[in-house]
Amino acid sequence: MKHTSSQQHASKQIEMLYIHNQQWLRSWLYKQLGCNHLAADLLHDTFERLLKRVKNDVIEDSDAYLKTVARHLLTDHWRKKNIETAYQQCVSELEPDLAPSAEEQVEHLELLIQVDNRLRQLKTDVRQTFIAVQLEGLNYADTANRLAISISTVKRHLKQAMLSCCFNLSV
Amino acid sequence: MRSLNESTIPITIAEEAADWWLELQNSDNQSLTQQRISSWRQQSSVHDEAWQKIAAFDMMLNDINAPQRRPISQHVLSQPSRGPRRQLLKSLFGLAVIGSTPWFIGSPVTHQQNKTIATKVGEHRSWTLANGVEVHLNTDTIIEIDETNTLMTLVLKQGEVAIITHAEQHPQQLLKVTTAIGDITPIGTHFIVRQHPEQIQVTLLEGQVNVSDKHSLRSWTLQENQAMTLTASGEMSMFKANTQTLAWQTGILIVSDMPLNSFVSELSRYHHAFIRYEPQIANLRVSGSYPTDDLAAVMNAVSRALNLNYTKRFGIWFHLSEKK
């Protein structure tokens, strides 16, 4: 990987940020998570994320900015945990001989996290419509009835959902 | 803060691709529609790329909808957060179905949602709601969530909740926390609201909040690291925030120079237990960090520190007394 001098400068900037801030940020993360290992992991992820951003964005040397980045990672972490817990709940309710294999669980869970990440970004009503049609298999009429919207709104929601999930576009 | 698309697809082409996907979903003649999509794709490499993104996501959806996976996927994805008393859909493989209303899936008639989340005594739990708001409930707390497209109201019925909002995520939906005594409106913040029997305490850690008195319609703005109490009769006092207020999220109760009677009150929130003490020791001072989930350990530590005896009966009855 070629390092331009501006990239090197930016990496150095991140390194200084880390040295000056890692202590308070780590203990702030610990307060949120209650676990040292997790706090250390997320601290690491926070600065990794900053390193990836170097090319396009301005990095502020401020507590609030660092916390914002860390907080997004925390949010991701908790959402992932929620998914894992919900998944485990389901599996634990199954009869033993019907339970999915370990590999299957890992694969399915990974997919769910990916899909959930995209669905997250949708507005609540758009998300509801999309889940009703795509996951529950309701037809447009039934979906429209259940959500008290018109069929053309159902179609509009589905289109919006695809634009957001596939292209990161919010219309 | 989404990562930027490496190669951004122009909106018109993205929309066309989405339209084609919709058409394919509803088409009576799949092969004809596929042909037309094929022609559309050939217009340029950007068209082709757009369709590939659609197809990739469509494939993910198909994967999670595989017969064995579908009921689990439905359950997991339709609830953005855990609920405390939920029955699972046992619709797998023809087993009996126990109905459950997943969160934020519209109920038959109305857009408005009315959900309650609660923690048991000694429990603390965290949820991230669909709009990105994080709620962290301390022991013995009940919150009712009321939601429309433009406003989410969290009604704190009892207990204590910490809330972290990301105003930039859903700017079109406001957030409000209401209690019997006053309302709290945050702006991109991290704050705690606690309901005491006759007053509320709001502690602001980051950002800004507005607190308004339900009865007198007065309101105040808290700045970072400020806290205030508001009583039912309208008395208000503001003071510097104590970050120890947040320690419960990690299962720790931190106190400095707190009289024993208050300490016992605080501790009792976390346990179904009776803690009694002799009247003459009520004002002894307690300091330190104590786990909220191990009452015996706390009793041990406190009695050692203050040179007291404690007796334990029936597993739930503790009595602190002077050493004779």
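**Q** Mind showing me how you'd approach helix α1 (residues 11–26) of chain B here?
**A** Side chains of residues three or four places apart in an α-helix project in the same direction, reflecting 3.6 residues per turn. Between the first and last C-alpha of α1 of chain B there are 23 Å, a value that for 16 residues agrees with the 22 Å anticipated at 1.5 Å per step. Those residues of α1 of chain B not exposed but buried are I13, A14, A17, A18, W20, W21, L22 and L24 of chain B. Contact partners of the buried residues in α1 of chain B: α5 (124–134), α6 (140–147) and α7 (151–167) of chain A together with α2 (30–41) and α3 (45–64) of chain B.

**Q** Quick question: what am I supposed to make of the environment of A282 of chain B here?
**A** Residue and element names in this part refer to chain B. Along the polypeptide, A282 turns up in the loop between β13 (274–277) and β14 (285–291). A282 gets classed as buried once you look at its relative accessible area, which sits at 13%. The spatial distance from the C-alpha of A282 to the C-alpha of L320 is 9.8 Å, given a sequence separation of 38 residues. Contact partners of A282, with chain neighbours within four places excluded, come to P259, L260, N261 and Y277.

**Q** What is the right way to look at the pattern of salt bridges in this model?
**A** Any two side chains of opposite charge can pair if their charged atoms end up close together. Residues and elements named next belong to chain B. Applying the stated criterion across every chain yields a total of 19 salt bridges over all chains. Note that D48 is salt-bridged to R41, the shortest N-O span being 2.8 Å. Overall, the relative accessible area of 24% leaves D48 in the partly exposed class. For R41, a relative accessible area of 26% puts it in the partly exposed group. Taken together, the shared-partner salt bridges in this structure form one network comprising E160, R194, E266 and R269.

**Q** Just checking my understanding: could you explain a nonpolar patch on the surface for this structure?
**A** The grouping of M16, Y18 and I19 of chain A at the surface amounts to a nonpolar patch, some 270 Å² of accessible area in total. Take I19 of chain A: it is sitting in helix α1 (residues 5–33).

**Q** Looking at this structure, I do not really get the pairing of strand β9 (residues 219–222) of chain B. What am I missing?
**A** On a regular strand, each side chain points to the face opposite its neighbour's, so the side chains alternate between the two faces of the sheet. Residues and elements named next belong to chain B. A one-sided burial pattern is seen for β9, the buried positions being W220 and L222 and the unburied ones S219 and T221. The pairing of strand β8 (residues 199–213) with β9 spans four bridges and is classified as antiparallel. Within β9, the residue paired with V211 across the bridge is W220.

**Q** Please explain the packing of helix α4 (residues 102–120) of chain A against α5 of chain A as it appears in this structure.
**A** Geometry of a packed helix pair, given as the angle between the helix axes and the separation of the axes. Residue and element names in this part refer to chain A. Contact pair α4 / α5: the axes reach a minimum separation of 10 Å and the direction vectors enclose 140 degrees. Classed by the angle they form, the pair α4 and α5 counts as oblique. Along its contact with α4, which presents D116, L119 and R120, the element α5 presents R127, F130 and I131. Residues of the contact of α4 with α5, tallied by class, amount to three nonpolar, no polar and three charged.

**Q** Can you walk me through the packing of aromatic side chains in this structure?
**A** The geometry of an aromatic ring pair is captured by two quantities: the separation of the ring centres and the angle between the planes. Considering all chains together, one arrives at two aromatic pairs over all chains under this definition. Between F130 of chain A and F57 of chain B the ring centres are 6.2 Å apart and the planes differ by 20 degrees, which places this aromatic pair in the stacked class. Residue F130 of chain A is located in helix α5, and its partner F57 of chain B is located in helix α3; the two belong to separate chains. Residues F130 of chain A and F57 of chain B agree in their burial class; the two are buried.

**Q** What am I meant to see in the packing of α4 of chain A against helix α4 (residues 70–78) of chain B here?
**A** Between α4 of chain A and α4 of chain B, the shortest axis-to-axis distance is 10 Å and the interhelical angle comes to 40 degrees. Here α4 of chain B runs oblique to α4 of chain A, going by the angle between their axes. When you trace α4 of chain A past α4 of chain B, the crossing you get is right-handed. Packed against α4 of chain A, whose contacting residues are H108, L112, V115, D116 and L119 of chain A, the element α4 of chain B presents I72, S73, V76 and L77 of chain B at the interface. Residues belonging to the contact of α4 of chain A with α4 of chain B are distributed by class as follows: six nonpolar, two polar and one charged.

What counts and what doesn't
Residues numbered from 1 in each chain as written. Chains lettered and ligands numbered in written order. Predicted model: local features only at pLDDT ≥ 70, side-chain atom pairs only at ≥ 80, totals over all residues. Heavy atoms only, no water. Helix = DSSP H or I, 4+ residues; strand = E, 2+ residues; numbered from the N terminus. Expected span 1.5 Å × (residues − 1). Buried < 20%, exposed > 50% of the residue type's maximum accessible area, 1.4 Å probe, protein only. Contact = heavy atoms within 4.5 Å. Salt bridge = Lys/Arg side-chain N within 4 Å of Asp/Glu carboxyl O. Patch = residues over 30% accessible without salt bridge, like charges linked within 9 Å, V, L, I, M, F, W, Y side chains within 5 Å. Areas by Shrake-Rupley, 256 points an atom, 1.4 Å probe, with all protein chains shown as cover. Pairing = 2+ DSSP bridges. Axes fitted to C-alpha atoms, helices over the stretch in contact; angles between N-to-C directions. Parallel < 35°, antiparallel > 145°, perpendicular 65-115°, else oblique. Nonpolar A, V, L, I, M, F, W, Y, C, P; charged D, E, K, R; others polar. Phe/Tyr/Trp six-rings, centres within 6.5 Å; stacked < 30°, edge-to-face > 60°. Left-handed = near helix turned anticlockwise from the far one by under 90°.

From the geometry alone we can't say anything about function, so treat these as descriptive.
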